[in-house]
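Spelled out, the chains give:
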Amino acid sequence: MQKPPETSASSLFKTVIGSVCLRSPVMTASGTAGRSNELGGYGSLDQLGAVVIKSLSAESWVGNKAPRLAPVRAGMINSVGLQGPGVSAWLDDDLPALADSGADVVASIWGTTVGDYRTAAEMLQGALPCLVAVEVNLSCPNTSHGRRMFSHSLKDTEEVMEATEVCGLPRWAKLSPNTADISAIAAAAVQGGASAVVLTNTLTGMVIDIDRRRPHLGGGGGGVSGAALHPVAVRAVYDVHRAFPELPIIGVGGVASGEDAVELILAGASAVQVGTAIFADPRAPWKVLHELQGWLNQAGVEKLEEVIGAAHS
Ligand code: RRO
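This text gives an overview of the structure that appears in the document. These figures come from a predicted structure and were not determined experimentally.

1. Considering the layout of surface pockets
And then number 1: The computed volume of the largest pocket comes to approximately 560 Å³.
And then number 2: Lining of the largest pocket is provided by 37 residues; of these, Ser30, Gly31, Thr32, Lys54 and Asn78 occupy positions nearest its centre.
And then number 3: Secondary-structure elements contributing two or more residues to the lining of the largest pocket are β6 (75-78) and β16 (271-274).
And then number 4: Empty space within the second largest pocket amounts to approximately 310 Å³.
And then number 5: In terms of lining, the second largest pocket is formed by 19 residues, of which the most central are Thr15, Val16, Ser270, Glu305 and Ile308.
And then number 6: Grouping the constituent residues of the lining of the second largest pocket by class yields nine nonpolar, five polar and five charged.

2. Thoughts on the site of the ligand
And then number 1: Taken together, Lys54, Asn78, Ser79, Val80, Gly81, Leu82, Asn137, Cys140, Pro141, Asn142, Asn201 and Thr202 are the residues near the ligand.
And then number 2: Leu82 has a polar backbone atom sitting 2.8 Å from an oxygen atom of the ligand.
And then number 3: Notes on the ligand: free accessible area 310 Å², of which the protein chains cover 92%.
And then number 4: Using a 2 Å cut-off from the grid points, one finds that the ligand occupies the largest pocket.
And then number 5: In the shell around the ligand, the residues fall into four nonpolar, seven polar and one charged.

3. Let's talk about helix α6 (residues 230-243)
And then number 1: In this model α6 runs 20 Å from its N-terminal to its C-terminal C-alpha over 14 residues, within 8% of the 20 Å that 1.5 Å per residue would give.
And then number 2: The complete set of buried residues in α6 reads His230, Ala233, Val234, Ala236, Val237, Val240 and His241. Seen from one end, α6 has its buried residues packed into an arc of 165 degrees, which puts them on one side. Counted as exposed and oriented over 90 degrees from the buried face of α6: Pro231 and Arg235.
And then number 3: If you follow the buried residues of α6, they end up packed against α5 (182-191), β10 (196-199), β15 (249-252) and α7 (258-267).

About the thresholds
- Residues numbered from 1 in each chain as written.
- Predicted model: local features only at pLDDT ≥ 70, side-chain atom pairs only at ≥ 80, totals over all residues.
- Heavy atoms only, no water.
- 1 Å grid on protein atoms, 1.4 Å probe; cavity = no way out; pocket = protein on both sides within 12 Å on 5 of 7 lines; lining within 4 Å.
- Points joined across faces, edges and corners; volume = space filled by probe spheres on them.
- Helix = DSSP H or I, 4+ residues; strand = E, 2+ residues; numbered from the N terminus.
- Nonpolar A, V, L, I, M, F, W, Y, C, P; charged D, E, K, R; others polar.
- Near = heavy atom within 4 Å.
- Polar contact = N/O pair within 3.5 Å; in protein donor to acceptor, adjacent residues only side chain to side chain.
- Areas by Shrake-Rupley, 256 points an atom, 1.4 Å probe, with all protein chains shown as cover.
- Sits in = over half its atoms within 2 Å of the grid points.
- Expected span 1.5 Å × (residues − 1).
- Buried < 20%, exposed > 50% of the residue type's maximum accessible area, 1.4 Å probe, protein only.
- Arc of directions from axis to C-beta.
- Contact = heavy atoms within 4.5 Å.

So, in structure tokens, the structure goes:
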């Protein structure tokens, strides 16, 4: 198996997300790197800022009917439908191997009610010390009838963030790009206790199978990610950084190269996540990290803070 170019630990650029110091500014994006050390054969997980796992609810959840993924012209669309084993099974079966890899880990949680989020957060209390933060997924686009898109509402966003405090870890709010004023939603997340925002989840979309004259994905609609999402994420990061220059932002959306990462950092992100690119190349997070470091070195940057938000005049 071919490994990505080596990046020495001493050359890694650290970054700070509130109270969390990440050893590098490149993480995996939730839903694209499994829940354990699945990517460990492709590179050293301890070089990444963190491995962010696929979202979990308190109980196991079966997810949506197949097909769940489809390529689209500028990326892909998914309707996985939040499939997962539940928090307890993850803590017992998946986290130990991930901890052994030396990775820092970010758990992602979801729920159908505020109380569900609270329960999932509670179950993470006292988890292994490799768990450095909890990403609160307020923005899954594949919510079926009766489930809410929490990050389309200021009140829901604030309430869920408040309810998840019980985990005792820093909480990052993952927001939706399908909203009129993402800065207002970010403010509600901070009001509820978020120490950072993750911008953004996928855009709602759909593919129609013209032969069957029906939506192609088993879940109907889905979430669009990859290249199509990149400028959307850059804009969201730019707008939220402009509104709240002190708020740590993690940029995610179509990051496939070091230059994509640089763009999000110049817009105001303190770190980035690599997602869809992993499906084409599981070494993508290390490639992005290596290229980002090359760009920073060539630009004579000594500390990442020098360039975070540098696109703002
Ligand atoms: O599982 C999914 O269908 C899914 C989730 Br939880 C999410 O946050 N974003 C997405 O595009 N798909």
